[in-house]
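Single-letter residue listing:
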Amino acid sequence: MEPDWRALSRLVRAHSATFYLGSLLFPKEERKGAWAVYAACRLGDEAVDGEGGGEEALARWWAGVERAYGGRPKETWEQGLAWALERWPIPLEAFLHMREGFQTDLGPVRLQSEAELLTYCYRVAGTVGRMMVPITGGGKEAEAQAIRLGQAMQLTNILRDVGEDLQRDRVYLPLDLLKVHGVEVEDLRAGRVPPGYPALMRALEGKARALYREGLEGLRHLRVGRAAIALAAFQYQGILDKLRLQGYDNLGRRAHLKAWERALLLPRALLAARLPPGEAL
């Protein structure tokens, strides 16, 4: 049975204008594969953070993943994922690791170190890079950079959403870095910005930008979808730019790009897809 691609595309568009816009630059078949992967991942996230989210909802989502991999899909998103699995070797291990990341989000989150932060970023987003590599025609040489790009995007999300995450009792900012910069969680929760907070943000922003540089180097290993991946990355980098311009004011507001700002990045993404290795993006 052909999956309901209209329903899946609506789900993608409703939850991520960034991903949807980038997906339009894929060839038709690969675009469907990207939608299928995104829908599966997004609904896992909704099983944690959406209405009625929790351990039982996450277990139901995982049962759907297993049905798709077993060739017994029921829901529309499972049908889409099963369709993609018939065409590309999307690793089940990536979904297993993603589930570990979602399980972290079920309880209060406290990450002790930058290493723990990067592990979390891998689990919830670097895994998406691993899932996308087969669809884009990349091999093992592309996987490490795809993981870096996913980590960069998730770290961007974390820096953008500090205030929102605190309301959910989630502290993704590493506790050892908070200590180094003299930042107390209770101050942040109360909306107070300690003097060392901008330096902490700059340090993590620098880490994210280094991951973007490494990740975008992987474009040269992809057979299709280079512009799509570049556009998504540039949009997330744009969020970092906005965050810096706003003085890292992320406790009570959310940095975002307007539609026209996203559109302006399209020529740059198309150019990046054609540049030889080593050329500046």
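Everything numeric in this text was worked out from a predicted model, so none of it was measured.

A. Summary view of the overall build of the protein. Counting its regular elements, the protein contains 15 helices and 2 strands. Overall, the C-alpha framework of the protein stretches about 55 × 45 × 35 Å when taken along its three principal axes. Counting only residues that meet the buried cut, the protein has 54% of its 281 residues in that class. For the protein, contacts bridging at least 24 residues in sequence account for 69% of all contacts bridging at least 6. When the accessible surface of the protein is summed, it comes to about 13,100 Å², and 51% of that surface belongs to carbon and sulfur atoms.

B. Focus on helix α8 (residues 140-160). Given a rise of 1.5 Å per residue, 21 residues ought to cover 30 Å, and the 31 Å separating the end C-alpha atoms of α8 matches this to within 8%. Among the 21 residues in α8, 17 count as buried, and that is most of the element.

C. Just the pattern of salt bridges, in detail. Enumeration over the complete set of coordinates arrives at 29 salt bridges. A salt bridge links Glu-78 to Arg-67; the nearest nitrogen and oxygen atoms lie 2.7 Å apart. With Glu-78 in helix α5 (residues 76-85) and Arg-67 in helix α4 (residues 55-69), this residue pair connects regions lying 11 residues apart in the sequence. Ionic pairing is found between Glu-86 and Arg-87, a salt bridge with its closest N-O pair at 3.4 Å. A cluster of three or more residues bridged by salt bridges with shared partners is formed by Glu-2, Glu-29, Lys-32, Glu-86 and Arg-87.

D. Geometry of unusual backbone geometry. Non-glycine residue Asp-169 carries a positive phi angle of around 60°. Take Asp-169: it is sitting in the loop between α9 (162-167) and β2 (170-171).

E. Representation of the side chain of Lys-242. If you trace the backbone, Lys-242 turns up in helix α13 (residues 226-245). Given the relative accessible area of 16%, Lys-242 is considered buried. Of note is the side chain of Lys-242, whose polar atom sits 3.0 Å from the side chain of Glu-261. In contact with Lys-242, not counting residues within four places along its chain, are Ala-255, His-256, Leu-257 and Glu-261.

F. Broad picture of α5. The element α5 is largely enclosed, with a buried count of 8 among its 10 residues. Within α5, burial applies to Trp-77, Glu-78, Gln-79, Gly-80, Leu-81, Ala-82, Trp-83 and Ala-84. The inward-facing, buried residues of α5 contact α1 (5-15), α3 (28-49), α4 and α6 (92-106).

G. Structural view of the nonpolar core. Trp-61, Phe-95, Leu-173, Tyr-197, Leu-200 and Tyr-212 are the most contacted members of the largest nonpolar core, which has 91 residues in total. The residues contacting Tyr-212, other than those within four sequence positions of it, are Leu-149, Ala-152, Met-153, Thr-156, Ala-233, Tyr-236, Gln-237 and Leu-240.

Conventions we followed
Every chain is numbered independently, its residues counted from 1 as its sequence is written. Local features in this predicted model are restricted to residues whose pLDDT is 70 or higher, and side-chain atom pairs enter the listing and the counts only when it is 80 or higher, whereas totals over whole chains, interfaces and linings include all residues. Only hydrogens and water are set aside; all other atoms, that is, all heavy atoms of the structure, feed into the side-chain values. Segments assigned H or I by DSSP are reported as helices when at least four residues long, segments assigned E as strands when at least two residues long, and all are numbered from the N terminus. The rule is simple: take the accessible area with a 1.4 Å probe, protein chains only, and divide by the maximum for that residue type; under 20% is buried, over 50% is exposed, in between is partly exposed. Should any heavy atoms of two residues lie within 4.5 Å, those residues are counted as being in contact. Note on areas: Shrake-Rupley, 1.4 Å probe, and residue coverage restricted to the protein chains presented here. Each helix should span, by expectation, one fewer than its residue count multiplied by 1.5 Å. Any carboxyl oxygen of Asp or Glu within 4 Å of a side-chain nitrogen of Lys or Arg constitutes a salt bridge here. Identification of polar contacts relies on pairs of N or O atoms within 3.5 Å, with a donor-acceptor requirement for protein atoms, meaning one able to donate a hydrogen and the other able to accept it, and with residues adjacent in sequence counted only if both atoms are side-chain atoms. Only buried residues count toward a nonpolar core, which is a set of Ala, Val, Leu, Ile, Met, Phe, Trp, Tyr and Cys residues joined through side-chain atoms within 4.5 Å.

Keep in mind these numbers describe shape, not what the thing actually does.
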